[in-house]
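Commentary on secondary and tertiary structure
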Amino acid sequence: MNKLQVEAKLGRVEGQSSDMVVLFLFEGETTLKHEAAWFDKALHGAIIDTIRTGEFDGKAGDVLPMHAQGKVPAKRVLLIGLGKRREFKLDALRQGMGHAVKRARQAKVSGFIGTLPPVFPKGCTAVDVGQAMTEGTVLGNYQFTAYRSDGNGTPRHEVTQFTLLVPDKVRLKQAAEGVRRGTATGEAAVFARDLCNHPSNVMTPSRIADEAKAIAKETGVSLKILEKKEIEELGMGALLGVARGSHEPPKFIILDYKGPKTAKGSKPTVFVGKTITFDTGGISLKPSENMEQMKADMTGGAEVLASVRAAARLKLPMHLVGILPVAENMPGGRAMKPGDIVKTLSGKTVEVQNTDAEGRLILADGLAYAARLDPAAVIDIATLTGACVVALGQFAIGMLGTSDALKRRLQAAGQKAGERVWEMPLWDEYFEQLRSDVADMRNIGGRGGGMITAAVFLSKFAEGYPWVHLDIASTDWSERERAYIPKGPTAIGTRLLLQYLIDHSL
Ligand code: BES
Ligand code: MN
Ligand code: ZN
């Protein structure tokens, strides 16, 4: 459970006693207003001095801690830069709060306070601002210490409270709703990061099933776990094929959340998450360099679990189904071999030319299963291709799909969440590359357009409903620590999915 609590309260930061108060400042502005002016005056012009001397210039990412030495009731004042006022975006607040919570931890502060920024980013309400500030705080505070033997896995110092003080009742109500949303989306990403951080010897397909059980127990969401025998009976030959090389039996998990005000027989929104608990490549073995990162090849599934849990916690008025095809991709003695042909749940056959293109195989069965639920829309999310990393680098999620309306909605949600998508073409011409001499298609498309051919493969199973595929191979793992993104598993995509749900249900 996350120890950090964020709370919105009626009040002003001026005159409030605390261990630390956060003050937001824009770049290049030398006349202070509002609470910043009050603090500057109380500190005998110390804030203005740091700006005039250039020690602090308000650039995004700039942080300056000052000791108040009894001149104000707060022990410390932390200046946080938001960048240029004209370019102000929600993400500056997320980043600012990410820096703030880390400084609080360094200073061994347990609780700190702050207020809304003097102006809001264009088109944003106090709900959005409260949400983004909460997300930055919760996400920036993230540490994975479960396997540290010093201190029994608990971090050395914990920040336990951030209080957002809002001076008027109208904005307080909005900010409090933002805090409620941001706590749910932030904690969802934290939960997904934890699942991805656990090594594959712990986070096995059975453990994923246990996590789903725990969610069902906590939230009352209904849960179906198909075991190997039922997966065989249904005819999910692609999922079974991928799991063959492993001693860990596959699972097929269905979480069904029906929120308040959902009519009987309402069409569900369905999320399908790639859940490969470790991807060795199988017989088409991967090189060993960076292979340890393949413990996070279950990120899509982790994000789907996290979003269903958060949707239930937020009591979103909607019908949401989360589907996880789960397996471990190993080169065991009974493993699938290049050239093997599998029959998918849809009835279509696939020649497995490369066992390392396993994600699209398990998703083929997941997407065909989704069709049986008569969905309003299906979004799959997957660490699917190295080609996505090559094409998009670290900052964009690959997006391809058959529904323009759904794509536009995800684009908007991504902007808001700071987890942006970039569209690639899903043209049927690319199917040429997937033709097989012996089966309905093969599972790799050869050189060129690897992210696209993977999605075109999926499209053959995502039939009969509006569908979008998100390739998160580019963003799921960060090489460096950022303001609110840790080194390692990022869980990027979780807040995108949740923002989409929030925007279209609340
Ligand atoms: N899980 C990988 C994709 C991946 C690569 C995710 C790097 C994150 C970082 C996927 O299963 C895979 O191995 N894809 C192959 C497909 C190829 C054989 C057509 C790839 O991209 O190399
Ligand atoms: Mn693979
Ligand atoms: Zn994979």
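Residues numbered from 1 in each chain as written. Chains lettered and ligands numbered in written order. Predicted model: local features only at pLDDT ≥ 70, side-chain atom pairs only at ≥ 80, totals over all residues. Heavy atoms only, no water.

As a further point, take the site of ligand 1. Surveying the vicinity of ligand 1 reveals 15 residues, the closest of which are Lys 286, Asp 297, Asp 356, Glu 358 and Gly 386. Within the side chain of Asp 297, a nitrogen or oxygen atom sits 2.9 Å from a nitrogen atom of ligand 1. In the model, an oxygen atom of ligand 1 is placed 2.6 Å from a nitrogen or oxygen of the Gly 386 main chain. Surface burial for ligand 1 is 76%, taken as the share of its 520 Å² of free accessible area covered by protein chains. The residue inventory of the shell around ligand 1, partitioned by class, reads 4 nonpolar, 4 polar and 7 charged. (Near = heavy atom within 4 Å. Polar contact = N/O pair within 3.5 Å; in protein donor to acceptor, adjacent residues only side chain to side chain. Areas by Shrake-Rupley, 256 points an atom, 1.4 Å probe, with all protein chains shown as cover. Nonpolar A, V, L, I, M, F, W, Y, C, P; charged D, E, K, R; others polar.)

Tallying each qualifying case throughout the model produces 0 disulfides. Lacking any disulfide linkage, Cys 388 is separated from the closest cysteine sulfur, that of Cys 196, by 16 Å. On the accessibility criterion, Cys 388 (0% relative accessible area) is buried. (Disulfide = S-S within 2.5 Å. Buried < 20%, exposed > 50% of the residue type's maximum accessible area, 1.4 Å probe, protein only.)

Let's shift gears to the sheet that holds strand S13 (residues 349-352). Pairing in this open sheet of 3 strands is mixed, and the strands run S12-S13-S17 from one edge to the other. Unpaired on one side and paired on the other, strand S12 (340-343) and strand S17 (441-442) mark the two borders of the sheet. Here S12 pairs with S13 via 4 bridges, running antiparallel. Bridging from a neighbouring strand, Val 342 pairs with Val 350 of S13. (Pairing = 2+ DSSP bridges. Helix = DSSP H or I, 4+ residues; strand = E, 2+ residues; numbered from the N terminus.)

Another point: the coordination of the zinc ion (ligand 3). For the zinc ion (ligand 3), the protein coordination sphere consists of Lys 274 (NZ), Asp 279 (OD), Asp 297 (OD) and Glu 358 (OE), at 2.0 to 2.4 Å. Coordination geometry of the zinc ion (ligand 3): the 6 donor atoms subtend angles of 78 to 173° at the metal centre, consistent with an arrangement described as octahedral. Each donor residue of the zinc ion (ligand 3) belongs to the same chain, and together they define the spacing K-x4-D-x17-D-x60-E. A gap of 3.2 Å separates the zinc ion (ligand 3) and the manganese ion (ligand 2), which Asp 279 links by coordinating each metal. Here the residue Asp 297 occupies a position in the loop between strand S10 (275-279) and helix H9 (299-313), and Glu 358 occupies one in the loop between S13 and helix H10 (359-371), the gap between them amounting to 61 residues. Using a relative accessible area of 0% as the deciding quantity, one classes Glu 358 as buried. (Donors = N, O, S within 2.8 Å, 3.2 Å for Na, K, Ca; no water. Tetrahedral: all angles 85-135°; square planar, octahedral: opposite > 155°, others 65-115°.)

In this section: the pattern of salt bridges. Taken as a whole and judged by the stated rule, the model has 35 salt bridges. The partner of Glu 187 in a salt bridge is Arg 313, with the nearest N and O atoms 3.2 Å apart. Of the two residues, Glu 187 sits in helix H5 (residues 169-197) while Arg 313 sits in helix H9, which places them 126 residues apart along the sequence. Classification of Glu 187 by relative accessible area gives buried; the value is 8%. (Salt bridge = Lys/Arg side-chain N within 4 Å of Asp/Glu carboxyl O.)

The terminal C-alpha atoms of H9 lie 21 Å apart, and with 15 residues this matches the ideal 21 Å at 1.5 Å per residue to within 8%. Taken from the residues just after H9, Lys 315 is the one with a positive phi, measuring 55°. (Expected span 1.5 Å × (residues − 1).)

For the rest of this paragraph, the subject is the packing of aromatic side chains. For the structure on display, the rule yields 7 aromatic pairs. Between Trp 38 and Phe 39 the ring centres are 5.0 Å apart and the planes differ by 85°, which places this aromatic pair in the edge-to-face class. It is Arg 309 that lies over the ring of Phe 191; its NZ or CZ is 4.1 Å from the centre. Here the basic side chain of Lys 348 rests over the ring of Phe 461, its NZ or CZ set 5.9 Å away from the ring centre. (Phe/Tyr/Trp six-rings, centres within 6.5 Å; stacked < 30°, edge-to-face > 60°. Lys NZ or Arg CZ within 6 Å of the ring centre and 35° of its normal.)

Our next topic: the coordination of the manganese ion (ligand 2). The protein atoms that coordinate the manganese ion (ligand 2) are Asp 279 (OD), Asp 356 (O), Asp 356 (OD) and Glu 358 (OE), at distances spanning 2.0 to 2.2 Å. One can describe the donor arrangement at the manganese ion (ligand 2) as irregular, given that its 6 donor atoms subtend angles of 69 to 166° at the metal. Mapping the donors of the manganese ion (ligand 2) onto the primary sequence yields the spacing D-x76-D-x1-E. What makes Asp 279 buried here is its relative accessible area of 3%. For Asp 356, a relative accessible area of 22% gives the class partly exposed.

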